[in-house]
Every structure is written in structure tokens, then in C-alpha cells.
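# Analysis of the macromolecular model
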Amino acid sequence: MLDRHLRLTRRDFPDLPERALEFFGKSQCATTAQGAFIGRTIEDFIHSFNPTRSAELERRGPAGHVVEAILSRLAASGILIRLTASLGGIEVFNTRYMNINEGNEFNRNIANFVGYGFPCVMDAYEASTLQIVVHGPEKLESGTAFATQANSLMTAAHCLKEARAIQIIGFKKSDVTGSRIFLARREATDCAMIFLPADLMKGRQMPLWQHAEALEEVILLGYPNIPTLLSVQLAEKANVSTILRGGVAREVADIFNVELLLVTAPVRGGFSGGPVINSSGLVVGMVSRQPFTQLDQAEIQRYDAAGFGLAIPTKTLLDFTSGINANDRSIFEERDQSSFEWLDG
């Protein structure tokens, strides 16, 4: 029921969590005679939606129990501080909060994601995550790419390594002709970068975060190889019946002798190259569907039967990008542009 109320509140008050940061700012809070900050209450915040305004929604304001849930999420993430707690019931609206990090741009950028959850993340990054259609030697396959810079897309190297022709859905051939493809030299790294001829992804860059946490809940965005769902972006998330599903289970360093994330979500073809995003809207990795080349069949089945997926940590993505920027040819190789062609997407 709360999820439904959050959706309705986000529709009517899309920036409510961000507004809370300003309202509960330290400079806005009263102090005691001894100079101690006493914060402001949930009730204060609800009343701040001025009842004298002409817009009906502003007069009515958001529901109190939804505001309390959002502020609790912000406090759990360390964005707000809960100064006093009530015993529950109607008294919960007297709970006091304060934002001691006024002006913190990072907190402001993630506040709406933290407050409203993954539906807000999905909507924000829908245009940042693109489908790539790869025409290989034998078949047509779908993959995913996402914007890390205004002029570049990150994806999985195995999606592009053997491509004879490539489509980026949403872009014409004339938009992407001249794009350069860089592949990680180390196969296990499975990183690829498409450098576009112009800033085609300006304003759509996704923030990268190097600190994935064990048991952290995440979503995976991608375009699965399902004929009836061609060009439909899907999100893979937890099954709430288990504590691990949809989260980063652990970092794995022993499968390919590189650092990987074992993601407890059933990842299938088409999600390759897609972002792994935490509840703060930060990319903590990239989906990799690289084969288990160094495991025997029994080990492959042990990992895959449970619906696990492997992801490349963001740190590896950043190291790969740094290698390209430094023109370190030990890190990457560039595909010969005469070996493939771009098609209308």
C-alpha cells in the first residue's frame, strides 16, 4: 500500500524529498536557550505546503504517513538527522529532523531517488539507457549501453567484438557514423566504450559510484532478447521473498581472476552492457554476460541455475575509461572502422 501512495505522491509532488533538504536545513532550525538545534517537525513540513496557494494540491499537501516514510528513508541514508523520535501514532508527526549538510550537491542529487525509490530511478534513467542491436556473423542480438559522458556510451565488449553492423536504437546512421569503438584488451574485463561524434547524450550521463555493498538492493536496466518485446526497456529487481534477490551478493575475485560482482538476479541476453543501479540512483556496475570460460560445466550450472548474474564493478569501468583517456594501449584496442558499419536505429 505504501508503494502505491509513494507513486501518487511522486506524481503530485515530484521534488518533495529535495524540498525536505531545504526545509530541514540547519539554518532554518530554531535553537534552545543553550544554543542546541531542535530541528523542525514533520508537521511543520506538511504545513509548509502553503494552504493559501491557489493550486488545490498545494492547499491539500502530501499525506502525513507518506511524508514520514520519505523522511525516514532520508534519515536512514544519512541525508537527514532524526533529532527526536516519537512513540508512534499521531505523535509521529512531532518527530524532528535536521539537515546539517546544507548545500551538499551530492545529497540534493540523490534525495528524490532515496525518498521515492527505484520507480524514480527508472524514470530518470530511461533515456540514458539505450538498446544496441548487433548484427553478428551468424545472428542478430540485442544488447544495452548507457551514457557515462555526453559523448560516450559504455557497454559490454562481448556485444561488439564480432559485430559486422551495429544499430543504436534512437539514433540515425548519420548521427553515429564516425563513432569509435574501444574494447578492453583483457577479455575478462569485458568493457567497451563507444565514442560518439558529438555530445548526443548531453544531460543524460549516469553517475558512477565505486562502492557496491554486500546485500545492497539494485536494479538492472536492459533490453532482453524477447521477440515480442523488441526495443522495450525492462528492469530486473529483487523478489522480495528472499533477502538477497536483486542485491549484490558478494564480490567475486576467483572466477576470472578479476574483481566481479555476483548479482542475485536472473540476467539473460539483452541485459549485457546495462547499468547496475543502487537505490540512490548511482551506477555500481555493468551487466556482463561473459561465458564462464574457466569453469567446468558443473560449476557453470551451479552459478547459473540459481539465476545469478555477473557484473563488472564501477571501479573497473573507471580504470578502463582512464586508460583510454591516457591512450594506454595496454588497456584497450580500437576496432578498425572498416570492419563494421553503422545502421539506422
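Refer to the preceding data block for the structure.
Note that this is a predicted model, so its numbers are computed, not measured.

### Some words on the overall build of the protein chain
- A tally of helices and strands in the protein chain yields 11 helices and 19 strands.
- Summarising the internal contacts of the protein chain: among those between residues at least 6 apart in sequence, 71% fall at separations of at least 24.
- Of the accessible surface of the protein chain, which amounts to about 16,600 Å², a share of 50% is contributed by carbon and sulfur atoms.

### With respect to the pattern of salt bridges
- Applying the stated criterion to the full structure yields eight salt bridges.
- Across the salt bridge formed by Asp-123 and Arg-10, the nearest N and O atoms sit 2.9 Å from each other. Taken together, the residues Asp-123 in helix 7 (residues 118–125) and Arg-10 in helix 1 (residues 2–12) connect sequence positions 113 residues apart.
- Across the salt bridge formed by Lys-139 and Glu-141, the nearest N and O atoms sit 3.6 Å from each other.

### Description of the sheet that holds strand 10 (residues 191–195)
- Ordered in space as 18-9-10-7-6-5-8-19, the eight strands form an open sheet in which the pairing is mixed. Each having just a single partner strand, strand 18 (332–334) and strand 19 (341–343) make up the two edges of the open sheet. Taking each pair of neighbouring strands and ignoring which way they run, the sheet shows an average axis angle of 30 degrees.
- Along the sheet face, helix 11 (residues 314–325) touches strand 6 (140–149), strand 7 (152–156), strand 9 (180–184), strand 10 and strand 18 and points at about 50 degrees away from the line of strand 10.

### Concerning the sheet that holds strand 4 (residues 96–98)
- Pairing in this open sheet of four strands is antiparallel, and the strands run 1-2-4-3 from one edge to the other. Edge positions in the sheet fall to strand 1 (30–31) and strand 3 (81–84), since each of these pairs with one other strand and no more.
- Looking at chain direction, strand 3 and strand 4 are connected through three bridges and run antiparallel. Counterpart to Arg-82 in the pairing with strand 4 is Tyr-97.

### Re helix 5 (residues 64–76)
- Its 13 residues give helix 5 an end-to-end C-alpha distance of 18 Å, which sits within 8% of 18 Å, the value for a rise of 1.5 Å per residue.
- All buried positions along helix 5 are accounted for by Gly-64, Val-66, Val-67, Ala-69, Ile-70, Leu-71, Ser-72, Leu-74 and Ala-75.
- Next to the buried residues of helix 5 lie helix 1, helix 2 (16–23), helix 3 (42–47), strand 3, strand 4 and helix 6 (105–116).
- Within two residues after helix 5, Gly-78 carries a phi angle of roughly 85 degrees, on the positive side.

### Quick word on the pairing of strand 11 (residues 216–222)
- Burial within strand 11 is extensive, with six of its seven residues counted as buried.
- Note: strand 11 against strand 12 (residues 234–236), three bridges, orientation antiparallel. Paired with Gly-222 across the two strands is Leu-234, which belongs to strand 12.

### Points about the layout of surface pockets
- Estimated volume of the second largest pocket: approximately 490 Å³.
- Every residue lining the second largest pocket is counted, 19 residues in all, and those nearest its centre are Arg-73, Gly-117, Phe-118, Glu-217 and Lys-237.
- Only helix 1, helix 6, helix 7 and strand 11 provide two or more residues apiece to the lining of the second largest pocket.
- Residues that form the lining of the second largest pocket fall into these classes: seven nonpolar, five polar and seven charged.

### Brief notes about the nonpolar core
- Judged by nonpolar contacts, the single largest core of 76 residues is most densely connected at Leu-71, Leu-74, Leu-153, Leu-160, Ile-168 and Phe-320.
- Sequence-distant contacts of Leu-74, defined by excluding residues within four places in its chain, comprise Pro-17, Ala-20, Leu-21, Ile-79, Leu-80, Ala-111, Val-114 and Gly-115.
- By size, the runner-up hydrophobic cluster in this structure holds 12 residues, among which are Ala-212, Val-263, Phe-271 and Val-287.

### Description of helix 11
- Compared with the 16 Å implied by 1.5 Å per residue over 12 residues, the 16 Å span of helix 11 between its first and last C-alpha is a close match.
- Here helix 11 has its buried residues at Thr-314, Thr-316, Leu-317, Phe-320, Thr-321, Gly-323 and Ile-324.
- Looking one or two places after helix 11, you find Asn-327, whose phi comes out positive at around 55 degrees.

### Considering the side chain of Thr-129
- Along the chain, Thr-129 turns up in strand 5 (residues 129–135).
- When near neighbours in sequence (up to four residues on either side) are disregarded, Thr-129 contacts Thr-144, Ala-145, Phe-146, Met-206, Leu-221, Tyr-223, Gln-233 and Pro-275.

### Structural notes on the environment of Cys-29
- By the element assignment, Cys-29 lies in the loop between helix 2 and strand 1.
- Here the alpha-carbon distance between Cys-29 and Tyr-97, two residues 68 residues apart in the chain, equals 9.2 Å.
- Leave out the neighbours within four places in its chain, and Cys-29 touches Phe-24, Phe-37, Gly-39, Arg-40, Tyr-97 and Met-98.

Analysis parameters
- Residues numbered from 1 in each chain as written.
- Predicted model: local features only at pLDDT ≥ 70, side-chain atom pairs only at ≥ 80, totals over all residues.
- Heavy atoms only, no water.
- Helix = DSSP H or I, 4+ residues; strand = E, 2+ residues; numbered from the N terminus.
- Contact = heavy atoms within 4.5 Å.
- Areas by Shrake-Rupley, 256 points an atom, 1.4 Å probe, with all protein chains shown as cover.
- Salt bridge = Lys/Arg side-chain N within 4 Å of Asp/Glu carboxyl O.
- Pairing = 2+ DSSP bridges.
- Axes fitted to C-alpha atoms, helices over the stretch in contact; angles between N-to-C directions.
- Expected span 1.5 Å × (residues − 1).
- Buried < 20%, exposed > 50% of the residue type's maximum accessible area, 1.4 Å probe, protein only.
- 1 Å grid on protein atoms, 1.4 Å probe; cavity = no way out; pocket = protein on both sides within 12 Å on 5 of 7 lines; lining within 4 Å.
- Points joined across faces, edges and corners; volume = space filled by probe spheres on them.
- Nonpolar A, V, L, I, M, F, W, Y, C, P; charged D, E, K, R; others polar.
- Core = buried A, V, L, I, M, F, W, Y, C linked by side-chain atoms within 4.5 Å.

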